[in-house]
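The lines below spell out each chain.
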Amino acid sequence: MANYAPLSKRAGPRPATYKGMPHAQIGVRPDPQVNAELFRRAFSLPDVEDRPSVISVPGARALWLEESLPLARPDVIVAGREFAHIHPDGSLHTSLPPERAQEAIEAGWAEIRPIAEYIGQDGLVMLYTPANMEELETIFQLVVDSYNYVTGRTLTRGEDAGQQ
C-alpha cells in the first residue's frame, strides 16, 4: 500500500446523488472561484490535456493523459486516456487504488460509482464538489492520488502537481 496523506473527515452531510446513469449529484452548484481553481490545478498536472469527456455528460471536461505518457494502470481507465473527468457541477469521476477509494468513502469525500462493481473496478468513485478552498485541498489530493495510480508517478500535491 502506498503512503497517502491522511484524509480529514468531510464536514456536513453527503450531497444527494442520482445512482443511475448519469451518476450525478442533485442540486449542487459549484462555487465559481473554487471551481476555477480546481480546473487550474487539474489541468496543470504534467502531461494532462483538457478535452471534452468521451464518457460523461455534455460539458464535462476530461483529464486526458497525453498519448506519449506510459501508463502503469491502463486497465483502470474506463475510456481512451481519460483517467478522470470534472462534471459541470464540479464533482469528478476518477479511479483510485481500492484502499484509498475506501478511505475517501469512509471520510465522506466520495462514493463508489454504480458501474464500479459491474466492470470490476473497486476504486472507481465520484469525488464530491468541493464547497470551499479547504475542501479543494482534499479533493485535489485525491485527484493527484488517482493520477499517480494510473501513471505510476509519485507527484505530491505541491508545485509539481498544479499548486502555487
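Our subject in this report is the structure included herewith. (Residues numbered from 1 in each chain as written. Predicted model: local features only at pLDDT ≥ 70, side-chain atom pairs only at ≥ 80, totals over all residues. Heavy atoms only, no water.)

**Quick notes on helix 2 (residues 98–106)**
Buried residues of helix 2: Arg100, Ala101, Ala104 and Ile105, and no others. Buried residues of helix 2, seen end-on, are gathered within an arc of 140 degrees and therefore sit on one face of the element. Tucked into the core, helix 2 has its buried residues touching strand 7 (110–112), strand 8 (124–127) and helix 4 (133–151). Directly beyond the C-terminal end of helix 2, a positive phi value near 90 degrees is found at Gly108. (Buried < 20%, exposed > 50% of the residue type's maximum accessible area, 1.4 Å probe, protein only. Helix = DSSP H or I, 4+ residues; strand = E, 2+ residues; numbered from the N terminus. Arc of directions from axis to C-beta. Contact = heavy atoms within 4.5 Å.)

**Looking at the pairing of strand 5 (residues 82–86)**
Successive side chains on a regular strand alternate, one facing one side of the sheet and the next facing the other. Of all 5 residues in strand 5, 5 are buried; the element is thus mostly enclosed. Pairing geometry for strand 4 (residues 61–65) and strand 5, over 4 bridges, is antiparallel. Considered in strand 5, the bridge of Trp64 is made with Glu82. Strand direction decides the pairing type here: strand 5 and strand 6 (residues 92–95), joined by 3 bridges, are antiparallel. Bridge pairing in strand 6 links Ile86 to Leu92. Count of turn residues in the strand 5/strand 6 antiparallel hairpin: 5 residues, of which Gly90 carries a positive phi of about 90 degrees. (Pairing = 2+ DSSP bridges.)

**Some details on the pattern of salt bridges**
This model, assessed by the stated rule, comprises 10 salt bridges. Among the salt bridges present, the one from Arg100 reaches Asp145, with a minimum N-O distance of 2.7 Å. Separated by 45 residues along the polypeptide, Arg100 in helix 2 and Asp145 in helix 4 bring together distant segments of the chain. In this pair, the class of Arg100 matches that of Asp145, namely buried. One network of salt bridges, with partners in common, ties together Glu37, Arg40, Arg41 and Glu137. (Salt bridge = Lys/Arg side-chain N within 4 Å of Asp/Glu carboxyl O.)

**Observations concerning empty space enclosed by the protein**
Enumeration according to the criterion identifies 1 cavity of 30 Å³ or more in this entry. Counted as a void, the largest cavity has a volume near 70 Å³. Lining the largest cavity are 13 residues, with Val78, Glu82, Phe83, Arg113 and Leu124 positioned closest to its centre. Looking at which element gives the most residues to the lining of the largest cavity, the answer is strand 5, with 4 residues. Along the lines of polarity and charge, the residues of the lining of the largest cavity split into 7 nonpolar, 4 polar and 2 charged. (1 Å grid on protein atoms, 1.4 Å probe; cavity = no way out; pocket = protein on both sides within 12 Å on 5 of 7 lines; lining within 4 Å. Points joined across faces, edges and corners; volume = space filled by probe spheres on them. Nonpolar A, V, L, I, M, F, W, Y, C, P; charged D, E, K, R; others polar.)

**With respect to unusual backbone geometry**
Unlike most non-glycine residues, Asp47 shows phi in positive territory, near 65 degrees. Considering the arrangement of structural elements, one finds Asp47 in the loop between helix 1 (32–42) and strand 3 (48–52). Residue classification places Asp47 among the partly exposed positions, given a relative accessible area of 25%.

**Things to note about the packing of aromatic side chains**
By the definition in use, this model includes 2 aromatic pairs. Measuring from centroid to centroid gives 5.9 Å for Phe39 and Phe43, while their planes differ by 45 degrees, and the two rings are tilted. Taken together, a centroid distance of 5.9 Å and an interplanar angle of 65 degrees make the contact between Phe83 and Tyr147 edge-to-face. Here Tyr147 lies in helix 4 and Phe83 lies in strand 5, a separation of 64 residues in the sequence. (Phe/Tyr/Trp six-rings, centres within 6.5 Å; stacked < 30°, edge-to-face > 60°.)

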